[in-house]
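# Notes for the structure review
Residue strings, one per chain:
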Amino acid sequence: GISGNFIGDLMSAYSSFWPETIRGLLVHSAEWSQAMWDKLGSDTSKTRINEFAHMFGYGIPNLERAKYSASNALTIIAQKDNFQVFMPKTDDVSGNRKKDNLSSILFIKLPWPKEVLQGELRNQKIKLTITLSYFIEPNPSERGYTSKYAYQSHNLRFDLQRPTETINQFESRINNLIRDAETDIITSNSGGYNWVLGPNSRTHGSIHKDILELTGAELAQAENIAVYSVTGWWKKAKIASNTFSRFSLIIGIDAG
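Residues numbered from 1 in each chain as written. Predicted model: local features only at pLDDT ≥ 70, side-chain atom pairs only at ≥ 80, totals over all residues. Heavy atoms only, no water.

### Side note on the side chain of Asp210
Tracing the backbone through its elements, the reader meets Asp210 in strand E7 (residues 207-215). From its side chain, Asp210 meets the backbone nitrogen of Leu197 in a polar contact 2.8 Å long. Among the polar contacts made by the side chain of Asp210, one reaches the side chain of Arg202 at a distance of 2.8 Å. Ignoring sequence-local partners within four residues, the contact set of Asp210 consists of Leu128, Thr129, Ile130, Phe158, Trp195, Val196, Leu197, Gly198 and Arg202. (Helix = DSSP H or I, 4+ residues; strand = E, 2+ residues; numbered from the N terminus. Polar contact = N/O pair within 3.5 Å; in protein donor to acceptor, adjacent residues only side chain to side chain. Contact = heavy atoms within 4.5 Å.)

The following block contains the structure:
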């Protein structure tokens, strides 16, 4: 496990960071050891990676790397408060009351150094690491959970805009992902990217991390990240006025 000193050092160094952010930095800094990679072997299919992540999680946290991420110019740390996870029920075009509250999507514009990415780093491979950290409210009154979402108040996800995708196309794709998640459809929609884990493997629990390798030119065109909600017991609540949460999003780029 992670020692209290490890967490205490981070909290002392960055006293303005929320617990969600400290937790996110720990996971963001984690890497699989060589011994872990050796157990993975040559099979790097998404199915095998998913099994591997269940065994070892995100790997072993590194305090120095966590501190470096927190202070480095190539890391973006966004602490978003008062995010309304679900919007109140509305009437449809026929005047009928919709059954559930509506999922929310928040688009975050990425302040990439485009002139550098499109210039000297244009053809260079860059590692992009994204970590989303938040806490849920359990629903202990729910007995014999009728669905995997009955215990969690809400679930958040992230996705990256494609280089050739307009913001409207991106929003449409996210809405399709929300629909698929809430109807238990296993989607292969990775946004056209070859994520290490992929959208179906990184969504367990309330902290999600994934890694992507792409060129500087491709990264420069990926202008937005979407953070969006999928169902939890909050979605079916009678009112959505109290369905506010907060999250930390950590985005790091490493040009090697």
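### Let's talk about the packing of helix H2 (residues 19-29) against helix H5 (residues 63-71)
Where H2 contacts H5, the axes come no closer than 8 Å and their chain directions differ by 115 degrees. Handedness of the crossing formed by H2 with H5: right-handed. Mapping the contact onto sequence places Leu25, His28 and Ser29 in H2 and Arg65, Ala66, Ser69 and Ala70 in H5. Grouping the amino acids of the contact of H2 with H5 by side-chain chemistry returns three nonpolar, three polar and one charged. (Axes fitted to C-alpha atoms, helices over the stretch in contact; angles between N-to-C directions. Left-handed = near helix turned anticlockwise from the far one by under 90°. Nonpolar A, V, L, I, M, F, W, Y, C, P; charged D, E, K, R; others polar.)

### Topic: the sheet that holds strand E1 (residues 75-84)
With antiparallel pairing, the four strands of this open sheet are ordered in space as E1-E9-E5-E7. Both edges of this open sheet fall to E1 and E7, since each of them pairs with a single strand only. Each strand of the sheet is rotated relative to its neighbour by a mean of 15 degrees, with strand direction disregarded. Sheet topology note: the strand E5 (residues 125-134)/E7 ladder contains nine bridges and is antiparallel. The residue bridging Thr131 from the neighbouring strand is Lys209, located in E7. (Pairing = 2+ DSSP bridges.)

### A short note on the packing of aromatic side chains
Enumeration over the complete set of coordinates arrives at six aromatic pairs. Centre to centre, the rings of Phe83 and Phe247 are 5.6 Å apart; their planes meet at 90 degrees, and the pair counts as edge-to-face. Of this pair, Phe83 sits in strand E1 while Phe247 is found in strand E9 (residues 244-254), placing the two residues 164 residues apart along the sequence. With a relative accessible area of 6%, Phe83 lands in the buried category. With a centroid separation of 5.5 Å and 55 degrees between ring planes, the pair formed by Phe107 and Phe170 is classed as tilted. Placement of Phe107 in strand E4 (residues 105-109) and of Phe170 in helix H7 (residues 167-182) is noted, with a sequence separation of 63 residues between them. Take Phe107: its relative accessible area is 27%, and that puts it in the partly exposed class. With a relative accessible area of 0%, Phe170 lands in the buried category. A cation over an aromatic ring shows up here: Arg202 above the ring of Phe158, its NZ or CZ 4.3 Å from the ring centre. The ring of Trp18 has Arg246 sitting right over it, with the charged end atom 4.2 Å from the ring centre. (Phe/Tyr/Trp six-rings, centres within 6.5 Å; stacked < 30°, edge-to-face > 60°. Buried < 20%, exposed > 50% of the residue type's maximum accessible area, 1.4 Å probe, protein only. Lys NZ or Arg CZ within 6 Å of the ring centre and 35° of its normal.)

### Looking at the environment of Asp180
Turning to its location among the elements, Asp180 is positioned in helix H7. A residue is classified by how much of its surface remains accessible, and Asp180, at 8% relative accessible area, is buried. Spatially, the C-alpha atom of Asp180 lies 9.5 Å from that of Val230, the residues being 50 residues apart in sequence.

### Details of helix H4 (residues 46-56)
Owing to its 3.6 residues per turn, the α-helix brings residues three or four apart onto one side. Among all positions of H4, only Arg48, Ile49, Phe52 and Ala53 are buried. Buried residues along H4 cover an arc of 140 degrees about the axis, so they all sit on one side. Residues Thr47 and His54 are exposed on H4 and point more than 90 degrees away from its buried face. Remark: Gly57 follows H4 within two positions and exhibits a positive phi of approximately 60 degrees. (Arc of directions from axis to C-beta.)

All quantities given are derived from atomic positions and should not be read as evidence of function.
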